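# A look at the structure
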Amino acid sequence: MRKIPIAIFGNGLVALDLLSKITESPILECKIVFCRTKKPTFEKLAARHGVRMEYDLIHGFNKHAGDYEALFDCTSALAHRKYSPVFKNLDKLIINLTPEKAGHLCMPALNMQTLIDNRVKYFDMVSCGGQAGIPIIHAISEVDKDIEYAELFINATSESLGAGSRANIDEYIDTTEDGIRFFAKNRTLRAKAIATANNAKRNMRVTVYAEMSPNKIGEIRVSVDKMVKEVQKYVPGYKLLVEPLVEGDHIMVSLEIRGIGDFTPEFFGNVDIIARAAIQAAEKFFIANRNQRPPSSIQ
Ligand SMILES: NC(=O)c1ccc[n+]([C@@H]2O[C@H](COP(=O)([O-])OP(=O)(O)OC[C@H]3O[C@@H](n4cnc5c(N)ncnc54)[C@H](OP(=O)(O)O)[C@@H]3O)[C@@H](O)[C@H]2O)c1
C-alpha cells in the first residue's frame, strides 16, 4: 500500500526521534521537514531517507502543501501559537507535539476512536508526562468517579529537554493539568502536574497520586494493569514500576518509561513516548480513513 506522506516542523530532539521512528512506520513516510537552522545530525538522517529540508517558513507550508497529508509540529508552544492559523487553513491532519492547546486533546489509549468518529483533524498530544500518567488517572477514575485530587510527579533527564521544552514549562503544566481533568471526566477535580529534571542518565519516571477511598485498591490494580497493557501496545518501554498501593488517603502508582533503541538514548523515555503516541494517532487516523481522502475539516 502507498505510504502516507507527512511533514515535520522543527529539527530538535523530539523531531529527530520522530523522524527516525517514522522511517520504520509501515503507514507513514516523511517527505519534508520545515525548520530554520541547519543541524548536521538531522541533515544526515534526512539525507539518508531522501527527506527534503525546507528553510522557508513564511511560504513553505503552503508552497509544499501538495507534498504531505499530515504535519507534525515539534517546535514549542510559542511557535505553535504563531503558526496554528496557517496550519488550520492547510486542511491536513495536524499533530501538535507541543503543549499549546490549539485542537483536541489526544491520548491514543483513551480517545482515538472518539476523535476519528467526530472527524477531528487537529490533535494536541498534551505532554510526555501526560501521555504517561493520564491513562493511569483515567483507569483509576473508572473505578472511583469521585476522585477529588490527582497529581502527576514527572521526572526526566535534563539532557533530554531541548530549548523548546524548557521554553514552554508553563504551557506544559497547564495543558497536563487540563488533560488530567478532561480524561478523568471531572472538570472540578483538583489536578496538579509537577515537572522535574535530573542530571543522571535515568529513565523517565512518573508517579501518580490520587485522593480516594483505599477500599477499592483491588479493583484499581485490575484497572491499572489493563491500562498499562493498552499503552504498551504502542510504547513498548512503558512499565509499571510500583503497582498501586495505599498511602493514607491516597493511591500511589509509579511508572517508568524507557526509549527503545532509536536515534536518541534509551533513557530519553519522555521523547520516546510523545513520538510514539503521535505516530500511533496518525497511523490510526489514516487506517480509519484508508481508501478515502482525509475528511474535510472539523478542527
Ligand atoms: N523533549 C521532550 O522530552 C519532549 C517530550 C514531549 C513533548 N515535547 C515538546 O516538544 C517540543 C520540542 O521540544 P524539544 O525538546 O525537541 O526542543 P528542541 O530540541 O529545542 O527543538 C525545538 C525545535 O523547534 C524549533 N523552533 C523553536 N521555536 C521556533 C520558531 N519560533 N520558529 C521555527 N522553529 C522554532 C527549534 O529551532 P532552532 O533550533 O532553530 O531554534 C528546534 O528545531 C516542545 O514543545 C516540548 O514541550 C518535548
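- Per an unreviewed UniProt entry, the protein goes by Acetaldehyde dehydrogenase and derives from Candidatus Kentrum sp. FM.
- Its UniProt record gives the protein the following Sequence similarities (unreviewed entry) comment, quoted word for word: "Belongs to the acetaldehyde dehydrogenase family."
- In its Catalytic activity (unreviewed entry) section, the UniProt entry covering the protein states "acetaldehyde + NAD(+) + CoA = acetyl-CoA + NADH + H(+)".

### Description of the sheet that holds strand β2 (residues 28–34)
- Strand order across the open sheet formed by seven strands is β3-β2-β1-β4-β5-β7-β6, with parallel pairing between neighbours. Each having just a single partner strand, β3 (52–54) and β6 (104–105) make up the two edges of the open sheet.
- Sheet analysis places strand β5 (residues 93–96) next to strand β7 (residues 122–124), joined by three bridges and oriented parallel. Residue pairing for β7: asparagine 96 is matched across the bridge by aspartate 124.
- The sheet contacts of helix α10 (residues 269–288) involve β1 (4–9), β2, β4 (70–73), β5 and β7, and relative to β5 the element is tilted by about 165 degrees.

### A short note on the UniProt feature "binding site: NAD(+)" (unreviewed entry) in the protein
- Feature annotation in UniProt places "binding site: NAD(+)" (unreviewed entry) on Asn270, given in this structure's numbering.
- Within the secondary structure, asparagine 270 is located in helix α10.
- The residues touching asparagine 270, leaving out its near neighbours within four places in the chain, are Cys128, Ala156, Ser160, Leu161 and Met204.
- At 2.8 Å, the side chain of asparagine 270 and the side chain of serine 160 are in polar contact.

### Let's talk about the state of the cysteines
- In total, this model carries zero disulfides according to the counting rule given.
- Just so you know, cysteine 35 is unpaired, no disulfide at all, and the nearest cysteine sulfur is the one on cysteine 30, 11 Å from it.
- For cysteine 35, a relative accessible area of 2% corresponds to the buried category.
- Just so you know, cysteine 74 is unpaired, no disulfide at all, and the nearest cysteine sulfur is the one on cysteine 30, 9.5 Å from it.

### With respect to the site of the ligand
- Within the structure, the ligand sits among 28 residues, and Thr37, Lys39, Ser165, Asn168 and Asn270 are positioned closest to it.
- Serine 160 places a polar main-chain atom, nitrogen or oxygen, 2.9 Å from a nitrogen atom of the ligand.
- In this structure, an oxygen atom belonging to the ligand sits 2.7 Å away from a side-chain N or O atom of serine 165.
- Taken by itself the ligand offers 900 Å² of open surface, and the protein chains cover 87% of this.
- Within the residue set of the shell around the ligand, elements represented by two or more residues are α1 (13–22), α7 (163–167) and α10.
- When its residues are assigned to classes, the shell around the ligand shows 13 nonpolar, 13 polar and two charged.

The rules behind these values
Residues numbered from 1 in each chain as written. Predicted model: local features only at pLDDT ≥ 70, side-chain atom pairs only at ≥ 80, totals over all residues. Heavy atoms only, no water. UniProt positions renumbered as here; feature names shortened; annotations may be inferred. Pairing = 2+ DSSP bridges. Helix = DSSP H or I, 4+ residues; strand = E, 2+ residues; numbered from the N terminus. Contact = heavy atoms within 4.5 Å. Axes fitted to C-alpha atoms, helices over the stretch in contact; angles between N-to-C directions. Polar contact = N/O pair within 3.5 Å; in protein donor to acceptor, adjacent residues only side chain to side chain. Disulfide = S-S within 2.5 Å. Buried < 20%, exposed > 50% of the residue type's maximum accessible area, 1.4 Å probe, protein only. Near = heavy atom within 4 Å. Areas by Shrake-Rupley, 256 points an atom, 1.4 Å probe, with all protein chains shown as cover. Nonpolar A, V, L, I, M, F, W, Y, C, P; charged D, E, K, R; others polar.

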